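Understanding the architecture of this molecule
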Amino acid sequence: MKKILIIEDEIPILNGICDKFTHEGFSVSRAENGQQGLDKALKEHPDFIIVDNLMPDTDGFYFLENIRKDEWGKSVKVIMWSNSHDYNTIDQAKKLGIVDFMVKSEWEYRDVVKEVNKFIN
Amino acid sequence: MDSFIKKLSVKTLNSTLIFIIVFVFLTVSSACYYSLRRIDTDEFWEIHSYQVSENINILLLNMEDMETGQRGYIITGHQNFLEPYDAGYNNITNTFSILQKLTIDNPVQQNNLITLKVLIDEKVTELKDSMSLRTNIGFDAAKDHILIGNGKKKMDSIRVLIAKMQTEESRLLKIRTEDLTKINKITELIIIIGSIIGFLFYLLVNYIINNFVIGKIVKKSLFDKEQQANKELQSINLAKDEFVSIASHQLRTPLTALKGYTGMLLDGDVGSINEKQREYLSEIKNANDRMIKLITSLLNVSRVDLGVFTVDPELINFEEISQSVLKELESSIKDKKLHIKTNFEKNIPLLSADPKIVRMVFQNLLSNAVKYTPPEGSISLNIKKEYPDLVISVKDTGYGIPEAVKLKIFTKLFRSDNARIKDPNGTGLGLYIIKATIEQTGGKIWFDSKENKGSTFYVSIPLDGMKKKEGFKRLE
C-alpha cells in the first residue's frame, strides 16, 4: 500500500482529499501546517507528499526548503497544490523540486489521485 | 544643432558653457592687455624721443649762451658779460651726459654724440682762445682771431650735426607715433569686437539657458514628479491587486471543498446515488465551477484594468498551442458532433509571445465557437501571415451576434440574449480580457458576424513579437 502525506490547513478540504485517497487504497497521513508536515514526513517517509502553500505559522515553502535538507527528503516526490498560483510562486516551488503545481479549485479529487498515481508509477 | 544640444545633459551643457565663457573672456582680456601694454611701451618711447629732442636743443642753447658770453666779453672786456658763457659751460657737461644715457639704445645717435663731443670741445677751445687773447693782448687781437672764422665754422658744424640728430629723433618719433596710433586703433577694434562677441555670446547663452537648460531642468523636475506619481500609482495598484488576489484565494477555498465533496458524491465514494440525486449534484457542481471561473475571470479583469499583469514573451509554436486547446475541447466537440477544420499556413515561424496569453486567446475563441455553434455545425481555425502580423481567425456556423449588440460585444460582463439562452454559464468577461490583453501587447482583435449565420473572430499579433511588459502577476 502506497503511503501519502497530505499537508493542508483547511480542515474540510483536508478531510475530503484524505477520504478520497483512503477510498482509492492509499495509506494516508495528514498534517495542518508546514512544521507538522515536516515532522511526519521525516518520521514516516511517505511515498508521496501533497502540500498546500498558504498555511498559518509554517507554510508550504518552509516545508519544501526543510525537507530538501534531509538526505531522504531530497528525492521525495512532492506536488504543491494551492489556490494562490502566481508565476513567482510556481517558479519558486519548481526550484525546490516539486513534480507538479496544481490549482486546487480547478481539479476534481479523482483527478488529483490520477495525477499522483502517474508520478508514483 | 538644437538636437545636438538636446542630447547633452544639464551637467555637460553647464560645463561646456562655462568653458566657452572662460575661453572668450580670456581671449578678449589677453588681447586687450597686450594692446594696453603696447600702448604703454609706445608712449614711453614717444616721451623718450621728446626728451632726446629737448636735450639736443638745450645743448645747442648752452653753446649759444657760451658764444653770447664770449662776444659780450670780447666787445666790452668786462668779466660780468661772461655769465652766459659760464652758465652754458657748466650745463653742457650735464646735458651731454643726459643725452648719452637717453640714446644708449640708439647707435646712430651715440655716434653723432661722439662727433658732437669733438666739435663742442674744439668750439670751447676756440672760445677760450679768443677770450684769452682779449684778456692778454686786447680787443683787436681777439677780433682778428674771430675774423679768421674757425669759431663760426665749428658752430655751423655743431648746428648741422644737431639738426641731423633732431631729424633722426623726429624720424623715430614719427615711427613711434604711427605705431601708437595703429595700436590705439587695434585696441579700439579689440574692445568693440570683444563687446560684440560678448553680447552675441550673452544672447547665445541666454537662448541655450531658456530653451535647453531651463527646459531640461523643468523637464527633469516634471519627469521626477511623474516617476514619483507612477511609483505611488504602482504601489496603490499593487495593494489593490494583492487585495483582489487574497480575496479570490479566500473565495476559492470553500468552493474547492464544495467541488471536492460534490465530485466524491458523484463518483459514488460514499455509496450509490439515484438519477435525481445525480442531476442535483451535477447542478451544484456546474454552479460551483461557474463561480470558480467567474472568480478567476474577475481576478484577470482586475489585473488587466490595473495594468499590473506581466507579459513575458518567449518563442512559441502557435499551431501546437491551438492543437492542445482543441484537444481540451474534444469531448464537447464530440458531444455536439462539430466539424473542425484547421488551416495552418506553412512555414509559420516560432513567434515571441506570452504562452499563457496565446493559450487564453485560443481557449476563448475556440470555446466560444464550440458553445455558440449548433450541433453538427462547422468550426474552422486559420493561422496565417499577413505582414506585418500573424493573423488567427476562428470561423463558426453558429448563432452569430445580433447587429444591435455588436458594439457591446467586448464590454465587461456583457452577454447577448441569444448567447445567454444557449449557454447560461458564461461570465461575459472572456472577450473583454482578451481584447484588453491583446491590445496592450501590440495586437488587435475584431470580428465579422451575421445572426444565425455565424461569426468569424480575428486576432492579429505582430510578427516581430508581443511587447514585453513588466508587471506583478501573470494572468490566470
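Right, let's walk through the structure included here. (Residues numbered from 1 in each chain as written. Chains lettered and ligands numbered in written order. Predicted model: local features only at pLDDT ≥ 70, side-chain atom pairs only at ≥ 80, totals over all residues.)

Overview of the overall build of chain B
- Scanning chain B for helices and strands turns up 12 helices and 7 strands.
- Buried residues in chain B amount to 25% of all 476 residues.
- Excluding contacts between residues fewer than 6 apart, the proportion of contacts in chain B whose partners are at least 24 apart in sequence is 76%. (Helix = DSSP H or I, 4+ residues; strand = E, 2+ residues; numbered from the N terminus. Buried ≥ 20, exposed ≤ 12 C-beta atoms within 10 Å, placed from the backbone. Contact = placed C-beta atoms within 7 Å.)

Some thoughts on the packing of helix 1 (residues 11-23) of chain A against helix 5 (residues 109-120) of chain A
Residues and elements named next belong to chain A.
- Running from N to C, helix 1 and helix 5 cross one another at 55°; their axes reach a closest spacing of 10 Å. Put simply, helix 1 runs oblique to helix 5. Crossing geometry of helix 1 relative to helix 5 is assigned as right-handed. Residues Gly16, Ile17, Lys20 and Phe21 of helix 1 touch helix 5, and the partners they reach there are Tyr109, Val112 and Val113.
- A breakdown of the residues in the contact of helix 1 with helix 5 according to their chemical character gives 5 nonpolar, 1 polar and 1 charged. (Axes fitted to C-alpha atoms, helices over the stretch in contact; angles between N-to-C directions. Parallel < 35°, antiparallel > 145°, perpendicular 65-115°, else oblique. Left-handed = near helix turned anticlockwise from the far one by under 90°. Nonpolar A, V, L, I, M, F, W, Y, C, P; charged D, E, K, R; others polar.)

Describing the pairing of strand 4 (residues 77-82) of chain A
Residues and elements named next belong to chain A.
- Among the 6 residues in strand 4, 5 count as buried, and that is most of the element.
- The sheet contact formed by strand 3 (residues 48-51) and strand 4 spans 4 bridges and is parallel. Counterpart to isoleucine 49 in the pairing with strand 4 is valine 78.
- Running through helix 3 (residues 60-67), the crossover from strand 3 to the neighbouring parallel element strand 4 is right-handed.
- Where strand 4 and strand 5 (residues 100-103) come together, 4 bridges link them in parallel fashion. Its bridge partner lying in strand 5, tryptophan 81 is registered against methionine 102.
- In this fold, strand 4 hands off to helix 4 (residues 87-95), which returns the chain to strand 5; that crossover is right-handed. (Pairing = 2+ DSSP bridges. Right-handed = clockwise from strand over helix to strand, strands pointing away.)

Here we look at the interface of chain B and chain A
- If you look at the interface, chain B gives 18 residues, while chain A gives 18 residues.
- A per-element tally of the side of chain B that touches chain A places helix 6 (residues 150-267) of chain B first, with 12 residues.
- Of the residues contributing to the side of chain B that touches chain A, the split by class is 5 nonpolar, 6 polar and 7 charged.

Details of unusual backbone geometry
- The amide bond that connects Tyr387(B) to the next residue, Pro388(B), takes the cis arrangement and shows omega of 10°.
- Relative to the assigned elements, Pro388(B) resides in the loop between strand 4 (378-386) and strand 5 (389-396).
- Despite not being glycine, His45(A) shows a phi value in the positive range, around 50°.
- Structurally, the position occupied by His45(A) is in the loop between helix 2 (34-44) and strand 3.
- A positive phi angle is found at Glu376(B), which is not glycine, with a value near 70°.
- Secondary-structure assignment places Glu376(B) in the loop between helix 10 (355-371) and strand 4.
- Take Glu376(B): there are 10 C-beta atoms within 10 Å of it, and that puts it in the exposed class.

Some points on the nonpolar core
- Ranked by internal contacts, the top residues of the largest apolar core, which has 41 residues, are Val361(B) and Leu366(B).
- The greatest single-element share of this core, amounting to 9 residues, is contributed by helix 10 of chain B.
- The residues contacting Leu366(B), other than those within four sequence positions of it, are Val325(B), Leu326(B), Leu329(B), Leu381(B) and Val394(B).
- Listed in part, the 31 residues of the second largest apolar core include Ile6(A), Ile13(A), Trp81(A) and Tyr261(B). (Core = buried A, V, L, I, M, F, W, Y, C linked by C-beta atoms within 7 Å.)

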